[in-house]
Amino acid sequence: METPHSTTHAPQGFWTKYLFSTDHKTIGIQYMITGLFMAAVGGFLAYVFRYNLAFPGESIPLFGQLDAMHYNAFVTNHGMIMVLFVGMPFLVSGLGNLLIPLMIGTDDMAFPTLNMMSFWIFLVSCLVMVAAFFVPGGAFGGGWTLYPPLSASGYVNRNPAFWSTFFSATPMFILGVALEFVSMLMGGINFLVTTINKRAEGMTPFKIPLIVWFLNIATLDFMVSVGPLVAGAVMLLLDNVVGTGFYDPARGGDPVLFQHLFWFFGHPEVYVLLLPALGVMGEIIPVFSRKPLFAYRTIIYLSLIAAVLSVVVWAHHQFIAGIDPRMATFFSIGTIIISIPFAGVFLSFMATLWGGSIRFTMPMIWALGFIGLFLIGGLTGLYLGSSTFDIYAHDTYFVVAHFHYTMFPVVFFGFFSAVYFWFPKFTGKHLNHTLGMIHFWLTFIPFNVTFFVLFFNGLAGQHRRVNEYSSFSNIMKEPYITFEKISTIGAIVLMVSQFIFLYNLFISLRKGRKAEKNPWDSNTLEWQADSPPVHGNFNPYPVVYHGPYEYSHPSSEQDFVPQDNPIVLKTN
Amino acid sequence: MNTAILPAQRKLIPDAVLGMLFLVSAEIMFFSGLISAYIINRSGVVDWPPLNQPRLPILMTGINTFVLALSGVFMALAVKKSAGAPRSAENWLKASALLGLTFLLVQGTEWSNMLAAGMHTNSSVFGAFFYTIIGAHGVHVVAGLLMLIYALIKNRMEPVGQNPNRLVAISVYWYFVVAVWPVLYVLVYFN
Ligand code: HEM
């Protein structure tokens, strides 16, 4: 037993309150704002190279000419930034910090100072990534997967002097990513310890909301898989700066080794992003269907199974890298099996919707949009999971379209659902509904316009990571040329319409309708705290009596039963 | 102003120790990555270690392995004593740190011998793996030593009895540093 302690006093001055804060809510918001900035960077890069693909050789508005070297660097950094510097702060660090302490009914994280440090390290890592564009020779351009020998040979600007070697493309890239990992690791330890040790009285494991479960499973998955990649990255860094030959076949090294180490992390990383997004849906769908989440326990078990499986399917990214065909069969089967747990989670969401009294609020619309899009992403993934098809489609725009149909909904629809849902809680203001709806349709439609056509270009054989394909006769004909243009116009509309969202945030913060404690009639603990929650979150601290999804329970008059409501529910 | 009192929480494992355990598990995966890379690479080579490279000093390092192990034992004693006899706990802690430092110095001497004998990070993949794996462990020893020194300073200011978890958490890390070493020793030195 630890001795009880009173909540720390709320910090006063501007610096301690908004910048060097140890309050989990402030840190969560800092993560999200940083993520938004990085999304602007990643999005701008996408705009530039998308424009170049549709109108090759033309000068790009707001940028200028794009040469092949820069094309590669932009694609590479776009990928890494969107995954690690947008997805992670939005879904894992951001949501985890905002929600975990509130949802389990406690005052803050287990290690608040560590938490603050993890944010500042993350900020530095973002700066390193952006600064890499301005070192001599420009940013790293060997693909976000960093495959050697390209990444190990120092083909991008390697100067003989040690320090300039270090401040060149590849080492900067590795450094930025490494700092991000350190920050995530610190944050992850905090999440796990907080969830295990700091739960409110009565918050037994199966009364924990789905999203907290999923955030923790994601964190565990991250912590298990990141070690080998760090090992691989250390070796890559040494290849670059001190001239070892780990990945250089001419000197006895093995370039495929890095691919194994990378995908051992890379594939679980997909689930690290997916799980929190699914968790968001798991909170939103029951609230706006007024029904308990279907098969709550089962989907927790399923996702635990998926987390275990996710570390043994990595080599499906390497079907054509020359791995043993027997091994390819093993990984094919593993990959197809791993879709079963996630299919289970989706079925549960469907079953929750089925027969519910659905309320089409903004968060619900985004959640439904997520389900629709992710379905397309997931189904095309099943095709790619079989190595026979993948050998044909590998490295084409079919793959690009596939993973954008999974990643974009996860990262952005997950983020937007969460923002539209929890904004009233953390700011005390409602977002404007009309603007939210316009934002949704101007994201949903242009997204599909951008990426659906790319499936066809991919099947026609258009290769990814190629800036200029005038000599490929299979692509340089109709309708593929028009498809390129359609895709680019879609992307531009998609990006411009995000300003509606920013405007909505801005205007609602200033003039929005005041939010009450529990605007959506939800059960989970964060809705029982003030909007916005005070420093220390609760007064008094809650005691938990019910599971998180007791909606429309027959023995309760209200159609929802907050987790800390002591009434007795009759089960029959 | 929020004046609510956070109720006491029942904790199976204290925060600091639990956090350290998670860190250590991530570290174990890091070393697993290095080791598997090493094993995969070694299995593809006929002459291992390469004929033109010097042999590794098995005996000296073997003795050094015992030094590190003993340091781990002293750490355990320090933790055991910390509740009742803070002074002797401090002495065990110092002894443990001293042995850790000895280990580091001996390894350092070995490195300079190997360098003099013509084994470099870029003379062969064998050399690269040797310096990377052993160096990675060395960095962890340094980190562990810094933690030990931190514990010593902190315990001066507030006796261990007041915050036993800090020392336990640090000991968890130190046990990890001690325990991976024999694995690395056997894998890298005997081949
Ligand atoms: C704003 C909308 C986006 C557009 C228009 C876009 C467009 C593209 C295109 C056309 C490519 C392929 C470029 C090539 O191979 O030559 C690409 C690559 C990639 N994108 Fe996106 N993308 C967007 C958002 C995202 C998001 C949200 C993520 C992930 C969270 C993401 C992750 C990636 C990754 C990992 C790559 C592969 C990079 C590489 O090949 O090294 N993108 N993107």
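Residues numbered from 1 in each chain as written. Chains lettered and ligands numbered in written order. Predicted model: local features only at pLDDT ≥ 70, side-chain atom pairs only at ≥ 80, totals over all residues. Heavy atoms only, no water.

## Digging into the interface of chain A and chain B
Often, the extent of an interface is quoted as the loss of accessible area on bringing the components together.
Argument step 1. Between chain A and chain B, the residue contacts involve 50 residues of the former and 35 residues of the latter.
Argument step 2. Surface buried jointly by chain A and chain B totals about 3,400 Å² across both partners, of which 68% is contributed by carbon and sulfur atoms.
Argument step 3. The interface formed by chain A and chain B holds zero salt bridges in total.
Argument step 4. Put simply, chain A and chain B have two residue pairs in polar contact (both at pLDDT 80 or more) between them.
Argument step 5. Broken down by secondary-structure element, the contributors of at least two residues to the side of chain A that touches chain B are β1 (5-6), α6 (169-197), α7 (210-241) and α8 (255-289) of chain A.
Argument step 6. Per-element tally for the side of chain A that touches chain B: the top contributor is α7(A), with 10 residues. (Contact = heavy atoms within 4.5 Å. Buried area = accessible area lost by both parts, 1.4 Å probe. Salt bridge = Lys/Arg side-chain N within 4 Å of Asp/Glu carboxyl O. Polar contact = N/O pair within 3.5 Å; in protein donor to acceptor, adjacent residues only side chain to side chain. Helix = DSSP H or I, 4+ residues; strand = E, 2+ residues; numbered from the N terminus.)

## Section: the site of the ligand
Residues and elements named next belong to chain A.
Argument step 1. Taken together, 25 residues are adjacent to the ligand, and Tyr71, His78, Trp144, His404 and Arg465 come closest.
Argument step 2. In this structure, an oxygen atom belonging to the ligand sits 2.8 Å away from a main-chain N or O atom of Trp144.
Argument step 3. A distance of 2.9 Å separates an oxygen atom of the ligand from a polar side-chain atom of Arg464.
Argument step 4. Elements represented by at least two residues in the shell around the ligand include exactly α2 (24-54), α3 (68-103), α13 (397-427) and α15 (480-496).
Argument step 5. The element best represented in the shell around the ligand is α13, accounting for eight residues. (Near = heavy atom within 4 Å.)

## Quick notes on the coordination of the iron atom of the ligand
All names here are of chain A.
Argument step 1. The coordination sphere of the iron atom of the ligand, as far as protein atoms go, consists of His78 (NE2) and His404 (NE2), spread over 1.9 to 2.0 Å.
Argument step 2. Coordination at the iron atom of the ligand is octahedral, judged from the six donor atoms that bind it and the angles of 88 to 179° they form at the metal. Note that His78 is positioned in helix α3 and His404 in helix α13, a separation of 326 residues in sequence. (Donors = N, O, S within 2.8 Å, 3.2 Å for Na, K, Ca; no water. Tetrahedral: all angles 85-135°; square planar, octahedral: opposite > 155°, others 65-115°.)

## Here we look at unusual backbone geometry
Residue and element names in this part refer to chain A.
Argument step 1. Here the amide bond leading from Glu478 into Pro479 is cis, since omega sits at 0°, within 30 degrees of zero.
Argument step 2. Mapping Pro479 onto the fold places it in the loop between α14 (433-459) and α15.
Argument step 3. One non-glycine residue, Ser552, adopts positive backbone phi at about 50°.
Argument step 4. Under the relative-accessibility criterion, Ser552 is labelled partly exposed at 38%. (Buried < 20%, exposed > 50% of the residue type's maximum accessible area, 1.4 Å probe, protein only.)

## Here's the deal with the nonpolar core
Nonpolar side chains tend toward joint burial in soluble globular proteins.
Argument step 1. Judged by nonpolar contacts, the single largest core of 233 residues is most densely connected at A:Phe222, A:Phe370 and A:Trp422.
Argument step 2. Residues in contact with A:Trp422, not counting those within four places in the same chain, are A:Leu99, A:Met103, A:Ile211, A:Val280, A:Glu283, A:Glu526 and A:Trp527. (Core = buried A, V, L, I, M, F, W, Y, C linked by side-chain atoms within 4.5 Å.)

## Overview of the pattern of salt bridges
One side chain can pair with another of opposite charge once the charged atoms of both are near each other.
All names here are of chain A.
Argument step 1. Counted by the stated rule, this structure contains 10 salt bridges over all chains.
Argument step 2. In this structure, the salt-bridge partner of Arg290 is Asp559, at a minimum N-O distance of 2.9 Å. Linking Arg290 in the loop between α8 and α9 (296-310) with Asp559 in the segment after α16 (498-511), this pair joins segments that are 269 residues apart in sequence.
Argument step 3. For Arg290, a relative accessible area of 2% gives the class buried.
Argument step 4. Asp559 gets classed as partly exposed once you look at its relative accessible area, which sits at 26%.
Argument step 5. Among the charged side chains, a salt-bridge network with shared partners connects Arg290, Arg359 and Asp559.

## Description of the packing of helix α11 (residues 362-385) of chain A against α13(A)
All names here are of chain A.
Argument step 1. Where α11 contacts α13, the two axes come as close as 8 Å, and the packing angle between them is 160°. Here α11 lies roughly antiparallel to α13, going by the angle between them. Note on packing geometry: the crossing formed by α11 with α13 is left-handed.
Argument step 2. When grouped by side-chain class, the residues that make up the contact of α11 with α13 number 18 nonpolar, eight polar and no charged. (Axes fitted to C-alpha atoms, helices over the stretch in contact; angles between N-to-C directions. Parallel < 35°, antiparallel > 145°, perpendicular 65-115°, else oblique. Left-handed = near helix turned anticlockwise from the far one by under 90°. Nonpolar A, V, L, I, M, F, W, Y, C, P; charged D, E, K, R; others polar.)

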